[in-house]
Amino acid sequence: MLDLAEELHQWAEDGREFAVATVVAVGGSAPRGPGAALAVDSEGTVIGSVSGGCVEGAVYDLCREALRSGESVLERFGYSDEDAFAVGLTCGGTIEVLVTPVSGRTGALSAAALAAAVRREPVALARVARGPAGLRGHALLVRPDGTCEGGLGGHPDLDRVAAAEALALLESGRTDTVELSADGSHCPGGLTLLVESNVPPPRMIVFGAIDFAAALARVGKFLGYHVTVCDARPVFATRARFPEADEVVVDWPHRYLRRTGTDARTVLCLLTHDAKFDVPLLTAALRMPAAFIGALGSRRTHEDRTRRLRAEGVTAAELARLRSPIGLDLGARTPEETALSIAAEIVAVRRGGTGVPLTGSTTPIHHDDEKPGRREAA
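The protein chain has the name XdhC/CoxI family protein in an unreviewed UniProt entry, where Streptomyces mauvecolor is given as its organism.

Enquirer: Pulling in residues and values, what's your account of the overall build of the protein chain?
Expert: Across its full length, the protein chain carries ten helices and 17 strands. Taking all 378 residues of the protein chain together, 46% fall into the buried category. Relative to all contacts within the protein chain whose residues are 6 or more apart in sequence, the contacts with residues 24 or more apart total 57%. Approximately 17400 Å² of the protein chain is accessible, and the part contributed by carbon and sulfur atoms is 52%.

Enquirer: So, helix α6 (residues 253-260): which residues are in play, and what are the values?
Expert: Within the span of α6, buried status applies to Pro253, Tyr256 and Leu257. Down the axis of α6, the sector holding all buried residues measures 100 degrees, keeping them to one side. Facing away from the buried side of α6 by over 90 degrees, the exposed positions are Arg258 and Arg259. Packed against the buried residues of α6 are β11 (203-207), β12 (226-231), β13 (247-250), β14 (267-270) and α7 (275-285). Where α6 ends, the next residue or the one after it, glycine 261, has phi of about 80 degrees, a positive value.

Enquirer: I'd like a rundown of the sheet that holds strand β2 (residues 37-41), residues and numbers included.
Expert: Here five strands make up an open sheet; going across it, the order is β3-β2-β1-β5-β4 and the pairing antiparallel. Looking at which strands have only one partner, the edges of the open sheet turn out to be β3 (46-48) and β4 (73-77). Taking each pair of neighbouring strands and ignoring which way they run, the sheet shows an average axis angle of 20 degrees. Of the pairings in the sheet, the one linking β4 to strand β5 (residues 94-102) comprises five bridges and is antiparallel in character. Within β5, the position partnered with arginine 76 by the bridge is glutamate 96. Contacts from helix α2 (residues 56-69) reach β1 (18-27), β2, β3, β4 and β5, with the element oriented near 50 degrees to β2.

Enquirer: Before we move on, could you go through the environment of alanine 213 and cite the residues and values that matter?
Expert: You can see alanine 213 is positioned in helix α5 (residues 211-222). We classify alanine 213 as buried; its relative accessible area is 0%. Taking the C-alpha atoms as reference, alanine 213 lies 9.7 Å from cysteine 230; in sequence the two are 17 residues apart. Each residue touching alanine 213, except ones within four places of it in the same chain, is listed here: Val206, Gly208, Phe242 and Leu271.

Enquirer: Can you explain the sheet that holds β13? Please cite residues and give values.
Expert: Read across the open sheet, the six strands follow the order β13-β12-β11-β14-β15-β16; overall the sheet is parallel. Since the sheet does not close on itself, it has two edges, and those belong to β13 and β16 (322-323), each with one partner. Relative to β14, β11 runs parallel, the two sharing four bridges. Counterpart to isoleucine 205 in the pairing with β14 is leucine 268. Lying over the sheet, α6 contacts β11, β12, β13 and β14, oriented at roughly 165 degrees with respect to β11. Sheet strands touched by α7: β11, β14, β15 (292-295) and β16. Its angle to β14, the strand with the most contacts, is close to 165 degrees.

Enquirer: Please give an account of unusual backbone geometry that cites residues and values.
Expert: Going from serine 324 to proline 325, the amide bond is cis rather than trans, its omega being -5 degrees. Tracing the backbone through its elements, the reader meets proline 325 in the loop between β16 and α10 (335-351).

Enquirer: I'd like a description of the nonpolar core, backed by residues and values.
Expert: Within the largest apolar cluster, 23 residues are counted, with the highest numbers of intra-cluster contacts made by Met204, Val206, Leu216 and Ile346. Mapped by element, the contributors of at least two residues to this core are β11, α5, β12, β14 and α10. Per-element tally for this core: the top contributor is α5, with five residues.

What counts as what
- Residues numbered from 1 in each chain as written.
- Predicted model: local features only at pLDDT ≥ 70, side-chain atom pairs only at ≥ 80, totals over all residues.
- Heavy atoms only, no water.
- Helix = DSSP H or I, 4+ residues; strand = E, 2+ residues; numbered from the N terminus.
- Buried < 20%, exposed > 50% of the residue type's maximum accessible area, 1.4 Å probe, protein only.
- Contact = heavy atoms within 4.5 Å.
- Areas by Shrake-Rupley, 256 points an atom, 1.4 Å probe, with all protein chains shown as cover.
- Arc of directions from axis to C-beta.
- Pairing = 2+ DSSP bridges.
- Axes fitted to C-alpha atoms, helices over the stretch in contact; angles between N-to-C directions.
- Core = buried A, V, L, I, M, F, W, Y, C linked by side-chain atoms within 4.5 Å.

This is the structure in structure tokens:
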């Protein structure tokens, strides 16, 4: 549900009744992961996707039926060689989809979760996906301070344990399922909770106010990052030159980086290829948490940069974190092509991809270096 927060929040504000289908679990080569959602309102308007097109028609019908019946349902879709005309995933994978009508008490709780997500406030929404029919669809809203709204309708301990599990997933920024028993103990087989986490978008900090940075800022926004462009030169670091960036900062890069901090989802892209900026910046960056650290420049520039970093005491283990020259080999020439090359490497590192062409290869189409069934929240 939180996958469609912007649109669904507006629907809730408009007082529209709707049902939401959310991917709970995937198996094999499924096109979308847990948390992906499709919603249908009472007029038949549809937004979102759960499979990239394979089962959307059947899920649409389930949402319409949920609006009529007021009941939640869990449905599994796969592929059958025996029945070529059955609704299923042509890619050969399987998905389980929870369809929930949003109305009444559940509607108020969903509206609160959607409003928080739109305001970029961290929030987790736990819903019963599998379990007794009377509990399916019940929800619990959990905030970072541990306060809760709603309830799962079961044993008194169930809400307490579910809140603790949801809070742990929220702190790591992940969407996942949790197996519990109906009394709240950690015994699989009783209940399956889908916990959707919403955290602020990951940051992309681009150092160097050049034309390549403008192109990368556009691509970064497209990928869902909160983009900051930083450069020490005020004549170049202007809002007019970087309208797509969320922030344009005039400061020495290493000083700004130390001041702003990073986390395990942060992407750092150094496009300055100037030693007086790069060396102090990388000396700091390679000792800070980050998902990706890359630097633009030729191989000769990289060798010189590496030599200077070693002289500053940067260790071999720290240097191993540096992606340089940045980007995948696409034969890129223009700023836009270079930005695409850099973004492709960022995605490959994040998802565990190889960067090789899929044509003629035997590598999996859908890579994921995270625990199966988990995804980072947007």
